Amino acid sequence: SPVKVSMGVEGMEVKPAGEIVPGTGHHHILVHTDGITKGGVVPKDAKHIHYGDGSTETELELSPGEHTLKLQFANGAHMSFGDAMSATITVTVGE
């Protein structure tokens, strides 16, 4: 830790949150939690990290052990594009 995460998307453009523009959206990282169904709003809390500024890279402070991270893309109003615009990874943080 920290764990560097780079996020990308195919077929869409990354744009900061705020305005809903077709073909655009921004990233979220969901830590140890399920994805958000299409059209559902991504909550904002310790398990649902927002990158509404349009960031595509971050560093996460994670405790030692295995962690499941779900990368979820959503529109300018944080409404999820669902499973089609998400990916799940597992990372192991050493001591």
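That block above? That's the structure.
In this convention, every chain numbers its residues from 1, walking through the sequence in written order. Reporting in this predicted model follows two pLDDT cut-offs: at least 70 for local features of residues, and 80 or more for side-chain atom pairs to be given and counted; totals over whole chains, interfaces and linings ignore these cut-offs and use all residues. The side-chain quantities take in all heavy atoms of the structure and omit both hydrogens and water.

Student: How should the side chain of threonine 24 be read in this particular structure?
Tutor: Numbering goes from the N terminus for both helices and strands, where a helix is a DSSP run of H or I of at least four residues and a strand is a run of E of at least two. Along the chain, threonine 24 falls in strand E3 (residues 24–31). Accessibility here uses a 1.4 Å probe with only protein chains present; expressed as a share of the type maximum, an area under 20% marks a residue as buried, one over 50% as exposed, and anything in between as partly exposed. For threonine 24, a relative accessible area of 6% corresponds to the buried category. One polar contact links the side chain of threonine 24 to the main-chain carbonyl oxygen of valine 21, over a distance of 2.7 Å. Excluding residues within four positions of it along the chain, threonine 24 makes contact with Met12, Glu13, Lys15, Phe73, Asn75 and Phe81. Think of a polar contact as two N or O atoms within 3.5 Å of one another; within protein, one of them needs to be a possible hydrogen donor and the other a possible acceptor, and neighboring residues in sequence only count if both atoms come from side chains. Two residues form a contact once any of their heavy atoms are found within 4.5 Å.

Student: Explanation requested: the pattern of salt bridges in the structure shown.
Tutor: Side-chain pairs of opposite charge can arise whenever the charged atoms involved come near each other. Any Lys or Arg side-chain nitrogen located within 4 Å of an Asp or Glu carboxyl oxygen qualifies as a salt bridge. Within the structure shown, the criterion is met by two salt bridges. With its nearest N and O atoms 3.8 Å apart, the salt bridge here joins lysine 4 to glutamate 57. With lysine 4 in strand E1 (residues 3–6) and glutamate 57 in strand E5 (residues 57–60), this residue pair connects regions lying 53 residues apart in the sequence. Among the residues examined, lysine 4 registers a relative accessible area of 56% and is labelled exposed. With a shortest N-O distance of 4.0 Å, lysine 70 and aspartate 83 are connected by a salt bridge. On the criterion of sequence distance, the pair formed by lysine 70 in strand E6 (residues 65–74) and aspartate 83 in the loop between E6 and strand E7 (86–93) is long-range, its members being 13 residues apart.

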